[in-house]
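A closer look at the structure
Chain by chain, the residues:
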Amino acid sequence: MTASDAPYWYALRVTYSREMIVKEYCDANQIINFIPLEQRVYEKNGIKIKKLEPVIRNLIFLRTNRTHISKLKERFPVRYIIDKGTGDPIIVPEKQMLHFIAVAGNYEQQVVFLSPDELKAKIGSRVRVRDGVFKGVEGILVKIRNNKRVVVQIEGLLVVATHYIHPSLLESLE
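First, a word on scope: everything that follows refers to the structure included in this document. (Residues numbered from 1 in each chain as written. Predicted model: local features only at pLDDT ≥ 70, side-chain atom pairs only at ≥ 80, totals over all residues. Heavy atoms only, no water.)

Each pocket or cavity is described by its volume, and for the largest pocket that value is around 230 Å³. For the lining of the largest pocket, the class distribution of residues is eight nonpolar, two polar and three charged. The calculated volume of the second largest pocket comes to roughly 170 Å³. Forming the boundary of the second largest pocket are Lys95, Gln96, His99, Arg126, Glu138, Gly139, Ile140, Val151, Val152, Gln153 and Glu155. Where the lining of the second largest pocket is concerned, the elements lending two or more residues are helix H3 (94-104), strand S10 (138-144) and strand S11 (147-154). For the lining of the second largest pocket, the class distribution of residues is three nonpolar, four polar and four charged. (1 Å grid on protein atoms, 1.4 Å probe; cavity = no way out; pocket = protein on both sides within 12 Å on 5 of 7 lines; lining within 4 Å. Points joined across faces, edges and corners; volume = space filled by probe spheres on them. Nonpolar A, V, L, I, M, F, W, Y, C, P; charged D, E, K, R; others polar. Helix = DSSP H or I, 4+ residues; strand = E, 2+ residues; numbered from the N terminus.)

Turning our attention to helix H1 (residues 19-28). In an α-helix, one turn spans 3.6 residues; hence positions three or four apart end up facing the same way. Buried within H1 we find Glu19, Val22, Lys23 and Cys26. When H1 is viewed along its axis, its buried side chains cluster within an angular range of 105° and face the same direction. Of the exposed residues in H1, the ones pointing more than 90 degrees away from its buried face are Glu24 and Ala28. Residues of H1 that are buried make contact with strand S1 (8-14), strand S2 (32-34), strand S4 (47-54), strand S5 (59-64), helix H2 (66-75) and strand S6 (78-80). Within two residues after H1, glutamine 30 carries a phi angle of roughly 55°, on the positive side. (Buried < 20%, exposed > 50% of the residue type's maximum accessible area, 1.4 Å probe, protein only. Arc of directions from axis to C-beta. Contact = heavy atoms within 4.5 Å.)

Attention now moves to the nonpolar core. Within soluble globular proteins, side chains that are nonpolar generally end up buried alongside one another. In this structure, Phe61, Met97, Phe100, Phe113, Leu157 and Val160 are the most contacted members of the largest nonpolar core, which totals 27 residues. Sorting the residues of this core by element identifies S1, S5, H3, strand S9 (126-129), S11 and strand S12 (158-161) as the ones contributing at least two each. No other element matches the four residues that H3 contributes to this core. Dropping the residues within four chain positions of it, phenylalanine 113 is found in contact with Pro36, Val55, Phe100, Ala104, Leu158, Val159 and Val160. Within the second largest apolar cluster, 15 residues are counted, among which are Leu12, Val14, Leu62 and Tyr80. (Core = buried A, V, L, I, M, F, W, Y, C linked by side-chain atoms within 4.5 Å.)

A full pass over the atoms with the stated rule returns nine salt bridges. In this structure, the salt-bridge partner of glutamate 171 is arginine 128, at a minimum N-O distance of 3.6 Å. With glutamate 171 in strand S13 (residues 170-172) and arginine 128 in strand S9, this residue pair connects regions lying 43 residues apart in the sequence. You can call arginine 128 partly exposed: its relative accessible area is 27%. Salt bridges sharing common partners tie together Lys95, Arg126, Arg128, Glu138 and Glu171. (Salt bridge = Lys/Arg side-chain N within 4 Å of Asp/Glu carboxyl O.)

As for its placement among the helices and strands, glutamate 94 is situated in helix H3. Considered as a pair, glutamate 94 and tryptophan 9 are 85 residues apart in the sequence and their alpha carbons are 6.8 Å apart. A polar atom in the side chain of glutamate 94 sits 3.4 Å from the side chain of tryptophan 9. (Polar contact = N/O pair within 3.5 Å; in protein donor to acceptor, adjacent residues only side chain to side chain.)

In short, the description is geometric, and any link to function would need to be established separately.
Now the structure itself:
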């Protein structure tokens, strides 16, 4: 298996807000994917409508190989998100991506999305959630809006924070 055949989590930019169209294609073709979504409420003709919408437009994560992404690029306007330090496409480590999905993919709980710059001044200790909805998630303990939260970061790209987590549910990893 060559490097281009190995499946990794890639962060991709989809132009013209077509991320949901690309997701539908990936779902239909068994390509593992993830888009951070949030539930928004709209009112139309006096009726409240709940709708899942992307938190960050034009972003999708795919767990596939470069060969499949090349084929996808022929069909859709997608491109790799490049690491500014190395010039290589951003590849998210499997464990980090699974923890990110565990928090960002929980649409029933309140989560907060932050840019990496918003987190820099608030970095605390590494922790693991021992119980509850986010059991097993590892991240950094921070205080956001007067609540202790665990944040999971996709390095240099995106940060997601859980809702309040009681300190008794946390164990230190340091």
